[in-house]
Amino acid sequence: MNDIIPVVLCGGSGTRLWPRSRKAKPKPFLPLVGDSTLFEATVLRCDKAAGFGDPVIVTGAAHLEHVEAQLPDRAHTAIIVEPEGKNTAAAIALAALRLPEDAVMLVCPSDHHIGDVAAFQAAAREAAALAAQGWLVSFGIAPTAPETGFGYLKRGEAIDGSAGARVEKFVEKPNLERAIEFLGHGGYSWNGGIFAFRAGTFLDELAAHRPALHAAVKAAVDAGSAEGLRFHPDPAAFARIESESVDYAVMENTSRAAMVPAVMAWSDIGNWQALHEALERDADGNAVRGPAELKDCSNVLVHSDGPRVNVVGASNLIVVVDKDEVLVCTPEGAQAVGKLSGAANQ
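Residues numbered from 1 in each chain as written. Predicted model: local features only at pLDDT ≥ 70, side-chain atom pairs only at ≥ 80, totals over all residues. Heavy atoms only, no water.

Student: Got a sec to walk through the state of the cysteines? Specific residues and values, please.
Tutor: A covalent bond between the sulfur atoms of two cysteines is what we call a disulfide. Counted under the stated rule, the structure contains 0 disulfides. Cys297 forms no disulfide, and the closest cysteine sulfur to it belongs to Cys329, at a distance of 15 Å. Taking the relative accessible area as the measure of exposure, Cys297 reaches 7% and is therefore buried. The buried category is assigned to Cys329, whose relative accessible area is 11%. (Disulfide = S-S within 2.5 Å. Buried < 20%, exposed > 50% of the residue type's maximum accessible area, 1.4 Å probe, protein only.)

This is the structure we're talking about:
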């Protein structure tokens, strides 16, 4: 099989991890778990020794400086610079149009954490094998809790000669009752937003289901310009693209949707509580980054960029200090951090 081409999507503002994640430097470019940033870790886990080719990064001009500063191998990395954000269908189509038709793309968000890299690489190879046969493949993340913040995939009939299966149904983010039902059923997986497909297959399906979107992206690429390893789509043509997610535009409409199971200690680090769960914790469930002292505490996360934080006798608490901002919330309140005025009005 040819090398799997990692296509890393860098977008969004990560407001639910405010104040550490800010518009000028959002969460992909921060070292939230370990010493590497989430973006660096995404690129590094797509290692050439494991069958991956040179990566393609799709990002906006506002994040270009961070991308280029953090790339492990800048000399062998193509960067597509979006004039504006138009959601994942357009971002993926840009990369597909810049690759050979038979290239197998592995589309990865840049801001997820994966604890088991070997499991990720094994799932990627399984997905790539199906993609080479014409399937559009999602990673089905094994659920560990009745999460209401993720979409779900319902596993369909098995595909011969593979650990994968058809996707019977894409399910929108459920309420808690349905999420509990999905967890008990056993046939549902989280939709983690990681995909594999041939570039040509994806473009054919996009043209079939969203012809105007396909035509607009193609026009932006045809009129675009290269600058070394950077590529700039034409801004005027790009402005005409309809913003739509790849799930709505393609994956929920194609008859070739498949999934591979992935048990890889995955987290989207979607809020401070998700980060707390991804970090190493002590026997009392506490996690600390930066100067802090915790006494008689349980299930407390402290994340400070400098000022010493002292917490006594607290449980189920999150404390974040970043520059001139302090955030204190409960795990239940973590989902609403992005609605705070400081996060929303950057």
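Student: I'd like a description of the sheet that holds strand S14 (residues 287-289), backed by residues and values.
Tutor: Taken in spatial order, the 4 strands make up an open sheet running S14-S16-S18-S19, and their pairing is mixed. One side of each edge strand has no neighbouring strand; the edge strands of this open sheet are S14 and strand S19 (325-329). Across the sheet, the axes of successive neighbouring strands diverge by a mean angle of 5°, strand direction being ignored. (Pairing = 2+ DSSP bridges. Helix = DSSP H or I, 4+ residues; strand = E, 2+ residues; numbered from the N terminus. Axes fitted to C-alpha atoms, helices over the stretch in contact; angles between N-to-C directions.)

Student: Could you give an account of the nonpolar core, naming the residues involved and the relevant values?
Tutor: Ranked by internal contacts, the top residues of the largest apolar core, which has 43 residues, are Val7, Met105, Phe197 and Phe202. Element by element, the count of residues in this core is highest for helix H3 (residues 87-97), at 8 residues. Those residues in contact with Val7, other than ones at most four positions away along the chain, are Val56, Val58, Ala95, Leu99, Met105, Leu106, Val107 and Cys108. In terms of nonpolar packing, the next biggest core, distinct from the first, is built from 34 residues, Ala50, Phe139, Val171 and Ile194 among them. (Core = buried A, V, L, I, M, F, W, Y, C linked by side-chain atoms within 4.5 Å. Contact = heavy atoms within 4.5 Å.)

Student: Talk me through the packing of H3 against helix H6 (residues 199-209); I want residue IDs and the actual numbers.
Tutor: Close contact between H3 and H6 brings their axes to 9 Å; oriented N to C, the two are set at 135°. Considered as vectors, H3 and H6 are oriented oblique to each other. When you trace H3 past H6, the crossing you get is left-handed. Residues Ala89, Ile92, Ala93, Ala96 and Leu97 of H3 touch H6, and the partners they reach there are Ala199, Phe202, Leu203 and Leu206. Looking at the contact of H3 with H6 residue by residue, the classes come out as 9 nonpolar, no polar and no charged. (Parallel < 35°, antiparallel > 145°, perpendicular 65-115°, else oblique. Left-handed = near helix turned anticlockwise from the far one by under 90°. Nonpolar A, V, L, I, M, F, W, Y, C, P; charged D, E, K, R; others polar.)

Student: Got a sec to walk through the pairing of strand S8 (residues 165-171)? Specific residues and values, please.
Tutor: As defined by bridge partners, strand S7 (residues 152-158) adjoins S8 across 5 bridges and the pair is classed as antiparallel. Bridge pairing links Ala158 to Ala165 in S8. Between S7 and S8, which pair antiparallel in sequence order, lie 6 residues; one of them, Gly161, sits at a positive phi of approximately 75°.

Student: A description of unusual backbone geometry should follow, citing residues and the corresponding values.
Tutor: Residues Trp18 and Pro19 are joined by a peptide bond in cis, for which omega reads 5°. Considering the arrangement of structural elements, one finds Pro19 in the loop between strand S1 (4-10) and helix H1 (38-44). The phi angle at Ile269 is positive, at roughly 45°, despite the residue not being glycine. Here Ile269 shows up in the loop between strand S13 (266-267) and helix H10 (272-278). Phi at Asp296 is positive, roughly 55°, even though this residue is not glycine.

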